[in-house]
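Below are the chains, spelled out letter by letter.
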Amino acid sequence: MSFSIRVNDQPFEEEPRPGQCLRTYLRDRGWFGVKKGCDAGDCGACTVQVDGRPVHSCIYPAVRAEGRAVTTVEGLAREGGELHPMQQRFLDAQGFQCGFCTAGFLMTTSALDEEQLTDLPRSLKGNLCRCTGYRAIEDAIRGVKHAEEPCAGQAVGRSLGAPAGPQVVTGTARYTFDVEVEGLLHMKLLRSPHPHARIRSIDTTAALRVPGVHAVLTHHDAPDKLYSSARHEHPTEDPDDTRVLDDVVRFAGQRVAAVVADTEGAAEEGCRRIVVDYEVLPFVLDPEEAMLPGAPVIHPKGPESRIFRAQDNVCGEVHGELGDVEQGFAEADVVYEETFRTQRVQHASLETHGCVVRFEPAPGEDGGPEQERIVVRSSTQVPFLTRRALCDLYDLPMEQVRVVAGRVGGGFGGKQEMLTEDIAVLAALKLHRPVKLEFTRAEQFYGATTRHPFKITVKLGARSDGTLTAIRFRVVANTGAYGNHGPAVMFHSVGESMGVYRAPNKKVNAYSVYTNGVPAGAFRGYGLGQVTFALESAMDELARRLGIDPLVLRERNVIGPGEHMEGPLGEEEDLHIASYGLDQCLRVVRDALADDTSAELAPEGWLVGQGFAMAAIACGPPGGHIADATVKLLEDGTYDIAVGTAEFGNGTTTVHKQITAGALGTTVDRIGIRQSDTDVVKHDTGAFGSAGTVVAGKAVMKAANALGEQLLTFAAEYTRTPRSLLRLTADSVECEGRPVSLKEIFAAARAEGVELKADGYFGGSPRSIAFNSQWFRIAVDPDTGEIRILRSVHGADAGKVMNPMQCRGQVEGGVAQALGATLFEQVLLDVDGQVTTAAFRRYRLPAFADVPRTEVHFSETSDAIGPLGAKSMSESPFNPVPPAFANALRDATGIRFTEAPFLRDKVWLALEEARTGRPVAGG
């Protein structure tokens, strides 16, 4: 009997492969709106409807759909292309950021009945979002509209929708793997089962005999070059300690070999048949132990690798003192000292790491014969830096490599790495065939990077009136097996965290330490969140010992407008408080306390407490962050922006169009944008370090302003009208009240050989400071350890808010992600260094039911450095959340919890021990 299935009213009769799931069956036929997020039915990104019922297609066998009607997000719209009401609601409310989860949410919510709509926590338990914090999703489902209509010349400061919104809600936005490539080969990686071992030999004979296998790559095939997977504008910021494939493995999960085959199944079978003879070596998982004499040396490399003390496993370190800290403590009336710990956290972007490498013809230099170049389509935040690294690694000229990022399905710093492109390019060069490497969800946990685990000992001294006399940090950051981002994260962690407070005496000793665990890397906040957790918890405890309101203690000691952030490592000369909204952020907390009635929502008998914390962060990384941009007039009278930065839900595309529309007096719908492609502009450091608005946005602003000047100058000459009487409008230049269309201006300029085009550049310096505050009221069940958030309030100083709807979403998403790290997220290793939480069902992400609606209040400031007064607001909302929650938990329970996450059983055990005065059995 023949197989038959209808997908979006189209018949298909091709039988599924044995064991094939419905997701891959649909994607094989071009329905790319069906996403791969988890491989296990945990995240809902692959949701489709089968006979009107939503199912997770990654665990639904394709054969079960025989004779049924399957609807994907592409088929949700009505006849004639009219959006389904739920698609329109998501567009009106902008119920998405990166949008990778949106198709799944749409396919679930569009099938809910009225009863199910009344219980969204239950109805949405099968769908995860890592970006939004869920408030915008709920508003979309409820039909709340947030997006404003475009208005000529009045774009900045308005809540305009994302340009790709229509494509996101219809499933036509193209992410990394949403492409068809003829002759594509698939790569799978064999990974080490040992945390530390030397490879004596690898036998690939049996693997090469698997039908469909084209190549097996080992360290014998890899270039003998050391590099870092981390990507920075200045490569010397990171130690060169990594090889594409190495004969020594340093963590369980490190890649050992790569198999390239016609299908993923054949590549996986090839991996299973590789025989590796390992010499197992001693290993160390604890960073304090790793620094002790006699510990296994993880990277016995020379100074050319820029490892600070390889023999002691110290990847990087900083030491500094301002004033005399011991004297400062001697002068204090109260001294508080405590050690705090933070855990490994996975970025958990729903689109996993991966790339597709292919070849394309390219024009020769100076009109010479056509050549061939490599094109890398990657889920990356740093296409230009990745191209540079690939060229260095394989001795290729820049013009021979093009790196493109489609729409990226989440990043959070995790995609500021080169984790797949290096080895996929190696295979493509060897076989001269297109190659795809896409991580599984499990590989994201043991083969990508995590947030750095930190151990922070903080000591504070203060006089009886609350004036700080001394601050001292000892910080140990676990960078894992490789030093990608290790020194930079460690250095940044002790910067703004301490610099936001005045104290005449400050001291830091900080270490980034190698261990044989999964490597850590860039993560939202870049080390500041870990140290801020410790410092703000300690400030709260110091206030209690002094008998001073914690809010008053902060107000007496924070830096003020025009001051420099002074620390024991010296001032960063290009870092300025170019606008000051910290006082307004603290006022948000005071106002929340004044009008709060949320304690009445606590169940009877529960413990109730409140707490807050604050944080500061630099708007951009130190040492320069480069952005080039071009804006030009097109033949049809519209504009084109070319900018290098990537879009992964950070909203830079929207802001760049708003800036350009404001400068040119037009509407955002008359502006196209090309981005995240090394072909479009000279250079862009990348979308990290909160630089999308303040760095790339400033480059776009400069280009748009320059083009506006060009247009008015040319139009004045063309129409013989005094320049002062000309004005740019949406589609014309108004000359003494007479409109001359931009089409006519373009034609006249072309006739004279003039291209109306302008470039903009910004080098990322000087930099300003953004501020945030967070306040919680929580309730704790003393009988079970359950915690409920009764109220969440956030103050954000983003300077001139370019897009309030979008910026609020960034804040809410940061709060939600931070709550996950505060309450339950942790990547766990066993005693042998193996990751034991390599799936969403074992690594709990915040779901709809876990995240409160956070009240977001923006300070009214305008920055002297940022474009049109804007500051960054993508990383900073995360940082004050864990300490604010810890302080509320301390207020409710009387117990200072010093180690995140605050798991329910941990809370219950601490309460029982406090009640009984003795350790609980099994605790």
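Located above this text is the structure these notes cover.
Computed from a prediction, not measured in an experiment: that's the story for all the values here.

**Focus on the overall build of the protein chain**
When you go through the protein chain residue by residue, the secondary structure sums to 25 helices and 31 strands. Over its C-alpha atoms the protein chain spans a radius of gyration of 28 Å, differing by no more than 12% from the 29 Å that the globule rule assigns to 923 residues. Structurally, the protein chain occupies a C-alpha span of about 80 × 80 × 65 Å along its principal axes. The 923 residues of the protein chain split such that 65% are buried. When contacts within the protein chain are restricted to residue pairs at least 6 apart in sequence, those whose partners lie at least 24 apart make up 78%. Counting only carbon and sulfur atoms, one obtains 48% of the accessible surface of the protein chain, whose full area is about 32,900 Å². Side chains of the protein chain give 96 positive and 122 negative charges; the mean places of these two sets differ by 2 Å.

**What about the pairing of strand β31 (residues 854-858)?**
Each regular strand shows side chains that alternate between the opposite faces of the sheet. Pairing analysis gives five bridges linking strand β30 (residues 787-797) to β31, with the strands arranged parallel. Within the sheet, the bridge partner assigned to Ala796 lies in β31 and is Phe858. Where the polypeptide runs from β30 across helix α23 (residues 804-823) and back to β31, its parallel neighbour, the crossover connection is right-handed.

**A few points about the sheet that holds strand β9 (residues 248-249)**
The strand order β9-β7-β11 describes an open sheet built from three strands, whose pairing is antiparallel. Whereas interior strands pair on both sides, the edge strands pair on one side only; in this sheet they are β9 and β11 (275-280). Pairing between strand β7 (residues 197-203) and β11: six bridges, direction antiparallel. If you follow Arg198 over to β11, its bridge partner there is Glu279.

**Focus on the side chain of Gln343**
Of note, Gln343 is situated in the loop between β13 (334-342) and β14 (354-362). At a separation of 2.7 Å, a polar atom in the side chain of Gln343 contacts the main-chain carbonyl oxygen of Ala821. Sequence-distant contacts of Gln343, defined by excluding residues within four places in its chain, comprise Arg451, His452, Pro453, Ala821, Glu825, Gln826, Ala900 and Pro901.

**Digging into the pattern of salt bridges**
Under the defined criterion, the tally for this structure stands at 69 salt bridges. Across the salt bridge formed by Asp277 and Arg200, the nearest N and O atoms sit 3.3 Å from each other. Taken together, the residues Asp277 in strand β11 and Arg200 in strand β7 connect sequence positions 77 residues apart. For Asp277, a relative accessible area of 33% corresponds to the partly exposed category. On the basis of relative accessibility, which here comes to 53%, the residue Arg200 falls in the exposed class. The partner of Glu269 in a salt bridge is Arg273, with the nearest N and O atoms 2.8 Å apart.

**Let's talk about the sheet that holds strand β1 (residues 5-7)**
Spatial strand order, β2-β1-β5-β3-β4: five strands in an open sheet with mixed pairing. Since the sheet does not close on itself, it has two edges, and those belong to β2 (10-12) and β4 (53-56), each with one partner. The sheet shows a mean angle of 35° between the axes of neighbouring strands, taken without regard to direction. Inspection of the sheet shows β1 paired to strand β5 (residues 69-71) by two bridges, in the parallel sense. Paired with Arg6 across the bridge in β5 is Ala69. Set on the sheet, helix α3 (residues 102-109) makes contact with β3 (47-50), β4 and β5; between it and β3 the angle comes to about 30°.

**What to know about helix α17 (residues 528-546)**
With 19 residues, α17 should cover 27 Å at 1.5 Å per step; its first-to-last C-alpha distance of 26 Å lies within 8% of that length. With respect to burial, α17 is a largely interior element, 17 of its 19 residues being buried.

**Re the packing of α17 against helix α24 (residues 881-893)**
Think of two packed helices as two axes; the pair is described by the angle between the axes and how far apart they sit. Contact geometry for α17 and α24: axes closest at 8 Å, N-to-C directions at 35°. Of the two elements, α17 crosses α24, and the hand of that crossing is right-handed. Every residue of α24 that contacts α17 at Thr532, Phe533, Glu536, Ser537, Asp540, Glu541 and Arg544 is listed here: Pro882, Pro883, Ala886, Asn887, Arg890 and Asp891. Partitioned by chemical class, the residues of the contact of α17 with α24 number four nonpolar, three polar and six charged.

**Structural notes on helix α22 (residues 742-751)**
Every buried residue of α22 is accounted for by Leu742, Ile745, Phe746, Ala748 and Ala749. Relative to the axis of α22, the buried residues are bounded by an arc of 165° and lie together on one face. The exposed set on the far side of α22, more than 90 degrees from its buried face, consists of Lys743 and Ala751. In the core, the buried residues of α22 are packed alongside β22 (627-633), β23 (639-643), α21 (691-719), β26 (732-735) and β27 (738-741). Just downstream of α22 lies Gly753, where phi reads positive at about 75°.

**With respect to the packing of aromatic side chains**
Under the definition given, this model contains 15 aromatic pairs. On the numbers, 5.8 Å between centres and 75° between planes, the contact of Phe523 with Phe878 is edge-to-face. You can see Phe523 sitting in the loop between β20 (506-514) and α17 and its partner Phe878 sitting in the loop between β31 and α24, a full 355 residues away along the chain. When its relative accessible area of 3% is taken as the criterion, Phe523 is described as buried. Three or more aromatic residues joined by ring pairs form one cluster here, namely Phe340, Phe533, Phe776, Phe885, Phe897 and Phe902. When the ring centre of Phe612 is taken as reference, the NZ or CZ atom of Arg554 above it lies at 4.7 Å. The residue whose ring lies beneath Arg844 is Phe824, and the NZ or CZ to ring-centre distance is 4.0 Å.

**Thoughts on unusual backbone geometry**
Among all residues except glycine, the phi angle is most often negative; among peptide bonds, the trans geometry is most common. With an omega dihedral of 10°, the bond running from Ser765 to Pro766 counts as a cis peptide bond. Inspection of the secondary structure assignment puts Pro766 in the loop between β28 (757-762) and β29 (769-780). Put simply, Ala900 and Pro901 share a cis peptide bond, and its omega is 0°. Residue placement: Pro901 occurs in the loop between α24 and α25 (904-916). Residues other than glycine seldom take positive phi values, yet Arg306 does so here, at roughly 65°. Position of Arg306 among the secondary structure elements: in the loop between α10 (287-290) and β12 (314-322). Residue class for Arg306 comes out partly exposed when judged on its relative accessible area of 27%.

Criteria and thresholds
- Residues numbered from 1 in each chain as written.
- Predicted model: local features only at pLDDT ≥ 70, side-chain atom pairs only at ≥ 80, totals over all residues.
- Heavy atoms only, no water.
- Helix = DSSP H or I, 4+ residues; strand = E, 2+ residues; numbered from the N terminus.
- Rg over C-alpha atoms; globule rule 2.2 N^0.38 Å.
- Buried < 20%, exposed > 50% of the residue type's maximum accessible area, 1.4 Å probe, protein only.
- Contact = heavy atoms within 4.5 Å.
- Areas by Shrake-Rupley, 256 points an atom, 1.4 Å probe, with all protein chains shown as cover.
- Lys, Arg positive; Asp, Glu negative; His and termini not counted.
- Charge placed at Lys NZ, Arg CZ, Asp CG, Glu CD.
- Pairing = 2+ DSSP bridges.
- Right-handed = clockwise from strand over helix to strand, strands pointing away.
- Polar contact = N/O pair within 3.5 Å; in protein donor to acceptor, adjacent residues only side chain to side chain.
- Salt bridge = Lys/Arg side-chain N within 4 Å of Asp/Glu carboxyl O.
- Axes fitted to C-alpha atoms, helices over the stretch in contact; angles between N-to-C directions.
- Expected span 1.5 Å × (residues − 1).
- Left-handed = near helix turned anticlockwise from the far one by under 90°.
- Nonpolar A, V, L, I, M, F, W, Y, C, P; charged D, E, K, R; others polar.
- Arc of directions from axis to C-beta.
- Phe/Tyr/Trp six-rings, centres within 6.5 Å; stacked < 30°, edge-to-face > 60°.
- Lys NZ or Arg CZ within 6 Å of the ring centre and 35° of its normal.

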